[in-house]
Amino acid sequence: MQRKLRLRNREDFSRIYRNGKSFANSQFVVYWSRQMRADPIRLGVSASKKIGNAVVRNRMRRLVKEIVRHQLDRMNGQLDLIVIVRKPAVGLEMKELEKSMLHVLKRAGLLKGSKQSVKVL
């Protein structure tokens, strides 16, 4: 994930948590908000200390960023996206993580061709 495509500011995270929409499954929670500055999307990943030590948290962040990077062409553009990793995701293989992430993105309507797809202005 390129540096310019990352969410870093506390204000951005707070804005998305307050005004954005959320969808979840047992492994991930996704908060998203439309943003005209985001091209194609900006991503923030949150992994709390509850899921493990720093090695585990950073590995999960890297895996989530890689999954989203591979799905950029399938995602609707101009979104700010926050992914929160839950504890059940830690024990899963990459394929299972990808399947779970696609499931929650599809439920949120963030993938092109999904039923409740987000319309970009």
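Since we're looking at a predicted model, the values are computed, not measured.

Asker: An account of the confidence of the model for the chain is needed here, citing residue identities and associated values.
Answerer: For the chain, the average pLDDT comes to 89, and 91% of its residues sit at 70 or higher. Ranking the helices and strands of the chain by mean pLDDT puts helix 2 (residues 54-70) first, with 95, and strand 3 (residues 41-46) last, with 92.

Asker: Outline the environment of Gly 20, listing residues and values.
Answerer: With respect to the helices and strands, the residue Gly 20 is situated in the loop between helix 1 (10-19) and strand 1 (21-24). Setting aside its immediate chain neighbours within four residues, Gly 20 contacts Arg 15, Trp 32 and Ser 33.

Asker: Kindly report on the nonpolar core, identifying the contributing residues and their values.
Answerer: One finds Phe 28, Leu 81 and Val 85 to be the most contacted residues of the largest nonpolar core, which totals 27 residues. Sorting the residues of this core by element identifies strand 2 (28-34), strand 3, helix 2, strand 4 (79-85) and helix 3 (94-108) as the ones contributing at least two each. Per element, the largest residue contribution to this core is six residues, and it comes from helix 3. Non-local contacts of Phe 28, meaning those with residues more than four positions away in its chain, are made with Phe 23, Val 64, Val 83, Ile 84, Val 85, Arg 86, Ala 89, Leu 97, Ser 100, Met 101 and Val 104.

Asker: Give me the lowdown on the sheet that holds strand 1, citing residues and values where you can.
Answerer: Ordered by their spatial adjacency, four strands build an open sheet running 1-2-4-3, and the pairing between neighbours is mixed. Looking at strand neighbours, the two that pair on one side only are strand 1 and strand 3, the edges of this open sheet. Pairs of neighbouring strands in the sheet enclose a mean axial angle of 20°, with direction left out of account. In this sheet, strand 4 lies alongside strand 2 in antiparallel orientation, the contact comprising seven bridges. Its bridge partner lying in strand 4, Val 29 is registered against Ile 84. Across the sheet, helix 1 touches strand 1, strand 2, strand 3 and strand 4, and the angle it forms with strand 4 is around 85°. Sitting on the sheet, helix 2 is in contact with strand 2, strand 3 and strand 4, with an inclination near 155° to strand 3.

Asker: Tell me about the side chain of Arg 15, residues and numbers included.
Answerer: Relative to the helices and strands, Arg 15 is located in helix 1. Take Arg 15: its relative accessible area is 18%, and that puts it in the buried class. Side-chain polar atoms of Arg 15 contact the side chain of Ser 33, separated by 3.5 Å. With sequence-adjacent residues up to four places away left out, Arg 15 is seen in contact with Gly 20, Ser 33, Gln 35, Arg 42 and Asp 80.

Asker: A description of the pattern of salt bridges should follow, citing residues and the corresponding values.
Answerer: This structure, assessed with the given rule, holds five salt bridges. In this structure, the salt-bridge partner of Asp 12 is Arg 42, at a minimum N-O distance of 3.8 Å. Residue Asp 12 is found in helix 1, and its partner Arg 42 is found in strand 3; the two are separated by 30 residues along the sequence. Arg 42 carries the same exposure label as Asp 12, and that label is buried. Arg 69 is paired through a salt bridge with Glu 66; the nearest N and O atoms lie 2.6 Å apart. With a gap of three residues between them, Arg 69 and Glu 66 both fall in helix 2, about one helical turn apart. Owing to a relative accessible area of 28%, Glu 66 belongs among the partly exposed residues under this scheme. What you see here is one network of salt bridges that share partners, running through Asp 12, Arg 15, Arg 42 and Asp 80.

How each quantity is defined
- Residues numbered from 1 in each chain as written.
- Predicted model: local features only at pLDDT ≥ 70, side-chain atom pairs only at ≥ 80, totals over all residues.
- Heavy atoms only, no water.
- pLDDT = per-residue confidence, 0-100.
- Helix = DSSP H or I, 4+ residues; strand = E, 2+ residues; numbered from the N terminus.
- Contact = heavy atoms within 4.5 Å.
- Core = buried A, V, L, I, M, F, W, Y, C linked by side-chain atoms within 4.5 Å.
- Buried < 20%, exposed > 50% of the residue type's maximum accessible area, 1.4 Å probe, protein only.
- Pairing = 2+ DSSP bridges.
- Axes fitted to C-alpha atoms, helices over the stretch in contact; angles between N-to-C directions.
- Polar contact = N/O pair within 3.5 Å; in protein donor to acceptor, adjacent residues only side chain to side chain.
- Salt bridge = Lys/Arg side-chain N within 4 Å of Asp/Glu carboxyl O.

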